[in-house]
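# Structure at a glance
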Amino acid sequence: TIRPVRRSYYDPSSAPGKGVVWEWENDSGTWTPYDMDVGITIQRAYEKQHPWVDLSAIGFCYVIDFATMGQINRQTQRKRRVRRRLDMVYPLVSGTLPKSQSWPASPGAAAAPPVPACTCPQCLLVMSVKAAAGPGAATLQPRKAAPAPPAAPKPPLPSAGPKAPDGVAVVRGSLKPLAAQGGRRQAASTPALSSAGASGSPPGVGSAKGSRPNLSTLNRSHLQRLAIAQSRVLIASGVPTVPVKNLTGSSPVNPALAGITGILMSAAGLPVCLTRPPKLVLHPPPVSKSEIQSIPGISHSCRKTTKKQAKKGKTPEEVLKKYLQKVRHPPDEDCTICMERLSAPSGYKGPQPTVKPDLVGKLVKCSHVFHLHCLVAMYNNGNKDGSLQCPTCKTIYGVKTGTQPPGKMEYHIIPHALPGHADCKTIRIIYNIPPGVQGPEHPNPGKSFTARGFPRHCYLPDSEKGRKVLKLLLVAWDRRLIFAIGTSSTTGESDTVIWNEIHHKTEFGSNLTGHGYPDINYLDNVLAELAAQGITEESLAQEKD
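Residues numbered from 1 in each chain as written. Predicted model: local features only at pLDDT ≥ 70, side-chain atom pairs only at ≥ 80, totals over all residues. Heavy atoms only, no water.

## Considering the packing of helix α8 (residues 464–478) against helix α9 (residues 522–532)
Two elements in contact, α8 and α9, have axes whose closest approach is 10 Å; the angle formed by their N-to-C orientations is 25°. By the angle between their axes, α8 is roughly parallel relative to α9. You can see that α8 and α9 cross each other, and the crossing is left-handed. Along the contact surface, α8 presents K465, G466, K468, V469, L472, L473 and A476, while α9 presents L523, D524, V526, L527 and L530. A breakdown of the residues in the contact of α8 with α9 according to their chemical character gives eight nonpolar, one polar and three charged. (Axes fitted to C-alpha atoms, helices over the stretch in contact; angles between N-to-C directions. Helix = DSSP H or I, 4+ residues; strand = E, 2+ residues; numbered from the N terminus. Parallel < 35°, antiparallel > 145°, perpendicular 65-115°, else oblique. Left-handed = near helix turned anticlockwise from the far one by under 90°. Contact = heavy atoms within 4.5 Å. Nonpolar A, V, L, I, M, F, W, Y, C, P; charged D, E, K, R; others polar.)

Take a look at the structure:
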């Protein structure tokens, strides 16, 4: 497959020119850089000391809040951490550059397609308002509390409206109730609406230094016209009415966005539901000992692991002999370990194994071919537990074990249901690993390691598939594959206990962090992760044997 590539040039005063990279935290706790154009947009707003920046103008349904260094999904209200790095220095070039910033590497190569705009209701609302307002549309930014504008004529309210539960206000076709509902809190954080026309603003406002006018320069009739225009777009596209969420919080972004969205939708006669943000629920309600039940079909309610005992006897060559077939006539391709041709000797330069560097072997299950010299070196650099994992396709030969430090795993049933699993109770797993000293199989033998956040509570639905996952997790625990010692991707701390590529749900009654319920794909995903570690239903039969 041949694909075009391209090289982009940026001004030295831009984010890449200064070595600035903006990153967001993904579900695994590691950091992912934004696309360059997105990072430039974020950095430009950051340098202008804006409190936040809305990325919907470039096709993304996110708001970056610089006060909390967080990314807010405007559709789901989910928050992620962001960070600004200053260590990515790109080379400077001199000479005349073309007018365009980037181009394909070859004449026939096509430029990258534009990023499709988000089609969620709130982004449709924002984009349609911008389209209706034209180039003079405002970039919304929160303002400090200002004197209330003169009261506008109150449109007639419908004679009968939908009933709302406690703590929820439903507004239809009226600006007045929305403003009243926010109370003092909304007055301090929602953009003020001036009843004067745009021409009544002070001279130069919105034009100095190329800035655009803010929402206070739009009069009420203009605002209503914009709202009607955006409502037509929403109705024509079949978008249902959505609640305006997160009116509270430490950031001014949420109430400002919720307030202006509600004003626009209510002015167009669309129902607006003002709700409170969901709360993070990490643990279930207190459970007494008499309410805790053992899990049918699983003996005991606790597993312990001890220090790994070194296996004696078989050499690496003897272990690999079980999984390999010798190849007398190597194919004309590279060894994917040393990247030398298989017809040539191995390019491995470390401690030399006893096998000859020009011997070639084929793994019996997957048929991938390597230098025997390279495979022995790879085995010696690993866990040396009698198993081997193909470096090309990850097929596991033998029984894979890990380097999890000693600890305890408890499991039982509690009488509470998880979100999305109301038809069953919950399996609670409690992992407890104390700090200690690293063994010979760990990164720094003899050095102490920390164990943060223990005991760790995790949750599964007490369903047929949930119990299957638990049984496989018990196998993973016995094989020391659930935890490892390394560097935390969340805190950056080294020599500490970390998760080992098998995801767990640590949030009981919500899913604000992405590690909770409901998550309809979680059980299937964790079964796939366990299979990648060589743990399947066949493993249960092996454990019984």
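## A word on the pairing of strand β6 (residues 70–73)
Of the two faces of β6, the one lined by G70 and I72 and the one lined by Q71 and N73 are each fully buried. Sheet topology note: the strand β5 (residues 62–65)/β6 ladder contains four bridges and is antiparallel. Within the sheet, the bridge partner assigned to D65 lies in β6 and is G70. Between β5 and β6, which pair antiparallel in sequence order, lie four residues; one of them, M69, sits at a positive phi of approximately 50°. Where β6 folds back onto strand β7 (residues 79–85) in an antiparallel hairpin, the turn is made up of five residues, including Q77, whose phi is positive at roughly 65°. (Buried < 20%, exposed > 50% of the residue type's maximum accessible area, 1.4 Å probe, protein only. Pairing = 2+ DSSP bridges.)

## Observations regarding the nonpolar core
Judged by nonpolar contacts, the single largest core of 39 residues is most densely connected at M409, I429, Y431, L460, L470 and L473. Secondary-structure elements contributing two or more residues to this core are β17 (407–414), β18 (426–432), β21 (456–461), α8, β22 (483–486) and α9. The element contributing the most residues to this core is α8, with eight residues. What L473 contacts, discounting residues up to four positions off in sequence, is M409, I429, Y431, L460, I482, I502, H504 and L530. Grouped together as the second largest cluster of nonpolar side chains are 21 residues, Y323, C366, V369 and V376 included. (Core = buried A, V, L, I, M, F, W, Y, C linked by side-chain atoms within 4.5 Å.)

## Remarks on the packing of aromatic side chains
Summed over all chains, the structure comprises eleven aromatic pairs. Ring centres of W22 and Y46 lie 5.3 Å apart, and the angle between their planes is 70°; this geometry places the pair in the edge-to-face category. Of this pair, W22 sits in strand β2 (residues 21–25) while Y46 sits in helix α1 (residues 36–47); the two residues are 24 residues apart in sequence, bridging distant segments of the chain. Centre to centre, the rings of Y517 and Y522 are 6.1 Å apart; their planes meet at 90°, and the pair counts as edge-to-face. (Phe/Tyr/Trp six-rings, centres within 6.5 Å; stacked < 30°, edge-to-face > 60°.)

## Here we look at the sheet that holds strand β12 (residues 324–326)
The three strands lie next to each other as β12-β13-β14, forming an open sheet whose pairing is antiparallel. Sheet topology places β12 and β14 (369–371) at the edges, where each strand pairs with a single neighbour. Neighbouring strand axes in the sheet, compared pairwise and without regard to direction, differ in orientation by 40° on average. Seen against the sheet, helix α7 (residues 372–380) touches β12, β13 (360–363) and β14 and runs at an angle of roughly 80° to β14.

## Some details on the sheet that holds strand β4 (residues 52–54)
Taking strand neighbours across the sheet as the criterion, the six strands line up as β3-β2-β7-β6-β5-β4 in an open arrangement whose pairing is antiparallel. Strands with a single pairing partner mark the edges of an open sheet, and in this sheet they are β3 (31–33) and β4. Here the strands of the sheet are splayed against their neighbours by 30° on average, with no regard to which way each runs. The pairing of β2 with β3 spans three bridges and is classified as antiparallel. Paired with E23 across the strands is P33, a residue of β3. In this fold α1 packs onto β2, β4, β5 and β7, with an angle of close to 105° to the strand it touches most, β2.

## With respect to the pattern of salt bridges
What the rule picks out here adds up to 18 salt bridges. The shortest N-O distance in the salt bridge between D27 and R78 comes to 2.6 Å. Of the two residues, D27 is situated in the loop between β2 and β3 and R78 in the loop between β6 and β7; the sequence distance between them amounts to 51 residues. On the basis of relative accessible area, R78 is assigned to the partly exposed category, the value being 24%. In the salt-bridge network here, residues are joined through shared partners; they are E23, R83 and R85. (Salt bridge = Lys/Arg side-chain N within 4 Å of Asp/Glu carboxyl O.)

## Details of α8
Compared with an ideal rise of 1.5 Å per residue, which puts 15 residues at 21 Å, α8 spans 22 Å between its outermost C-alpha atoms and is within 8% of the ideal. Within α8, the full set of buried residues consists of G466, V469, L470, L472, L473, L474, V475, A476 and W477. Two residues or fewer after α8 comes R480, characterised by a positive phi angle close to 60°. (Expected span 1.5 Å × (residues − 1).)

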